[in-house]
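One-letter residues, chain by chain:
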Amino acid sequence: MTEARHRPRAALAMSQDAATAVFGPDETAALAALCDLAPPPVLDDLTTERARAVLAETEVLVTGWGCPPVDAAVLAAAPHLRAIAHSAGSVRHHVTDACWDRGIEVSSAAAANALPVAEYTVAMILLANKRVLERARDYRAGRSRDAWLRTDRSVGNYRNTVGICSASLIGRRVIELLRPYDLHILLYDPYVSEAEAAALGVTGAGLERLFATSDVVSVHTPLLPATRGLVSRELIGRLRPGATLINTSRGAVIDQDALTDAVTSGRIHAVLDVTEPELLPPDHPLWTCDNALLTPHLAGSQGNEWRRLADLTVSEVARWAAGDGFAHPVHRERLAFLA
């Protein structure tokens, strides 16, 4: 007789909104087929009597947005916990030192969440080089379309230069998606060698050169103590007149005041999916600035893209339950370089 495979005890730990968004009936059923899944409601507070009863039997915790910190007190209530499979990107907010100290295996769906961010970025790069937003505004204002033959030769996606800040998961995916286009790609990443840059099909560059020579600069740098304010007033001042700065990382990576000054003066354009603070005050000048496009942190997974997060997470749990380990592990020693 074939020995029955062990079905690990699992529980969902996240906000109810996150669970509803990411784990639909099909994804929940797929997870339940792999594990003895704790019944709803999900654990959005790990200190309650019910949470402690569930944690006492849990071997793998499937986490998501809104998961409370899994600290020493939580781990004391979860003696069998051996793995955390996160259905979103960063694990910094809930995977604590106590988890690493116990040797708990950790996985993240950051690779899946990187895809829609990269797609949004590529779309904005192509639109920015074509000056679509500004030209649509002018067209709406009643200017004649007959001026197309007098368009400035800086407009378009032929041989323009795009600067990528950071070869993160998202940055690398942007580079990959841009390969079919006739664009010159510069990359700033102090941890990428010249040989690695060449393998990616890009040219390595320092920050000063990247900002001074790019038509579009796209920021994909994780927010870490060392990267806060990395895009300084000086760097913003090096951008060419008419250049576009795109930010889909975190607002605090950029000097917000300096960026506001440069954009409201009309010198450069900006596409900002994130700002500092995350929601700008109602009277902030960027809201009404023609040279700025603000979107509400929508580049990441939305709508049907949440299924990709769930599918990857279910796949990770399946691998772990089969003894194959995570395909997308997060290692403690890499935390200093991750968002």
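Residues numbered from 1 in each chain as written. Predicted model: local features only at pLDDT ≥ 70, side-chain atom pairs only at ≥ 80, totals over all residues. Heavy atoms only, no water.

Looking at an unreviewed UniProt entry, one finds the protein chain named Hydroxyacid dehydrogenase and attributed to Streptomyces ochraceiscleroticus. Under the Sequence similarities (unreviewed entry) heading, UniProt states for the protein chain: "Belongs to the D-isomer specific 2-hydroxyacid dehydrogenase family." (UniProt positions renumbered as here; feature names shortened; annotations may be inferred.)

Caption draft 1: Focus on the packing of helix α6 (residues 110-130) against helix α13 (residues 306-321). Between α6 and α13, whose axes approach to 8 Å, the crossing angle comes to 160 degrees. With respect to α13, the axis of α6 lies roughly antiparallel. The crossing of α6 and α13 is right-handed. For the pair formed by α6 and α13, the contact residues are A112, N113, L115 and P116 on the first element and R308, L309 and L312 on the second. Tallied by class, the residues present in the contact of α6 with α13 amount to five nonpolar, one polar and one charged. (Axes fitted to C-alpha atoms, helices over the stretch in contact; angles between N-to-C directions. Helix = DSSP H or I, 4+ residues; strand = E, 2+ residues; numbered from the N terminus. Parallel < 35°, antiparallel > 145°, perpendicular 65-115°, else oblique. Left-handed = near helix turned anticlockwise from the far one by under 90°. Contact = heavy atoms within 4.5 Å. Nonpolar A, V, L, I, M, F, W, Y, C, P; charged D, E, K, R; others polar.)

Caption draft 2: Local environment of the packing of α6 against helix α8 (residues 169-178). Taken N-terminus to C-terminus, the directions of α6 and α8 make an angle of 50 degrees; their axes are 8 Å apart at the nearest point. When the interaxial angle is binned, α6 and α8 end up oblique. Of the two elements, α6 crosses α8, and the hand of that crossing is right-handed. Contacts from A110, A111, A114, L115, V117, A118, E119, T121, V122 and I125 in α6 reach L169, I170, R173, V174, L177 and L178 in α8. Grouping the constituent residues of the contact of α6 with α8 by class yields 13 nonpolar, one polar and two charged.

Caption draft 3: Representation of the state of the cysteines. Under the criterion given, the structure shown has zero disulfides. Just so you know, C67 is unpaired, no disulfide at all, and the nearest cysteine sulfur is the one on C99, 9.0 Å from it. Judged by its relative accessible area of 0%, C99 is buried. (Disulfide = S-S within 2.5 Å. Buried < 20%, exposed > 50% of the residue type's maximum accessible area, 1.4 Å probe, protein only.)

Caption draft 4: Summary view of the pattern of salt bridges. Counting across every chain of the model gives 13 salt bridges. E57 is the partner of R9 in a salt bridge, and the nearest nitrogen-oxygen pair spans 3.8 Å. Of this pair, R9 sits in strand β1 (residues 9-13) while E57 sits in the loop between α3 (49-55) and β3 (60-63), and the two are 48 residues apart along the sequence. The class of R9 is partly exposed, set by a relative accessible area of 37%. The exposure class assigned to E57 is partly exposed, which follows from its relative accessible area of 42%. Between D215 and R240 there is a salt bridge; the shortest N-O distance is 3.0 Å. Of this pair, D215 sits in the loop between α10 (207-213) and β9 (216-219) while R240 sits in the loop between α11 (233-238) and β10 (244-247), and the two are 25 residues apart along the sequence. Residue R240 is classed as partly exposed on the basis of its relative accessible area, which comes to 35%. Each of R7, R9, D36 and E57 takes part in a single network of salt bridges with overlapping partners. (Salt bridge = Lys/Arg side-chain N within 4 Å of Asp/Glu carboxyl O.)

Caption draft 5: Main features of the sheet that holds β9. Spatial strand order, β8-β7-β6-β9-β10-β11-β12: seven strands in an open sheet with parallel pairing. In this open sheet, the two strands that pair with only one neighbour each are β8 (203-204) and β12 (292-294). Pairing of strand β6 (residues 161-165) with β9 involves four bridges; the strand directions are parallel. Paired with C165 across the bridge in β9 is V219. Docked against the sheet, α6 engages β6, β9, β10, β11 (269-272) and β12, running at close to 160 degrees with respect to β9. (Pairing = 2+ DSSP bridges.)

Caption draft 6: Summary view of unusual backbone geometry. At the junction of P40 and P41, the peptide bond is cis and its omega measures out at 5 degrees in the coordinates. Relative to the assigned elements, P41 resides in the loop between β2 (36-37) and α3. Residues E276 and P277 are joined by a peptide bond in cis, for which omega reads 5 degrees. Along the chain, P277 turns up in the loop between β11 and β12.

Caption draft 7: Spotlight on a nonpolar patch on the surface. Together, L127, V132 and L133 give the surface a local cluster of nonpolar side chains, amounting to about 220 Å² of exposed area. Of note, L133 is situated in helix α7 (residues 132-140). (Patch = residues over 30% accessible without salt bridge, like charges linked within 9 Å, V, L, I, M, F, W, Y side chains within 5 Å. Areas by Shrake-Rupley, 256 points an atom, 1.4 Å probe, with all protein chains shown as cover.)

Caption draft 8: Inspection of α13 at higher detail. Between its first and last C-alpha atoms α13 spans 23 Å; for 16 residues at 1.5 Å apiece the expected length is 22 Å, and the two agree. Among the residues of α13, those classed as buried are L309, A310, L312, T313, V314, E316, V317 and W320. Buried residues along α13 sit against α1 (16-22), α2 (25-34), β3, β4 (83-86), β5 (105-108) and α6. Following α13 by one or two positions, G323 adopts a phi angle in the positive range, close to 85 degrees. (Expected span 1.5 Å × (residues − 1).)

Caption draft 9: Highlighting the sheet that holds β2. The five strands lie next to each other as β2-β1-β3-β4-β5, forming an open sheet whose pairing is parallel. Taken across any chain shown, the strands that pair with only one partner, and hence form the sheet edges, are β2 and β5. Here β4 runs beside β5; their pairing, made up of four bridges, is parallel. Bridge pairing in β5 links A83 to E105. The sheet strands contacting α13 are β3, β4 and β5, and the helix crosses β4 at an angle near 160 degrees.

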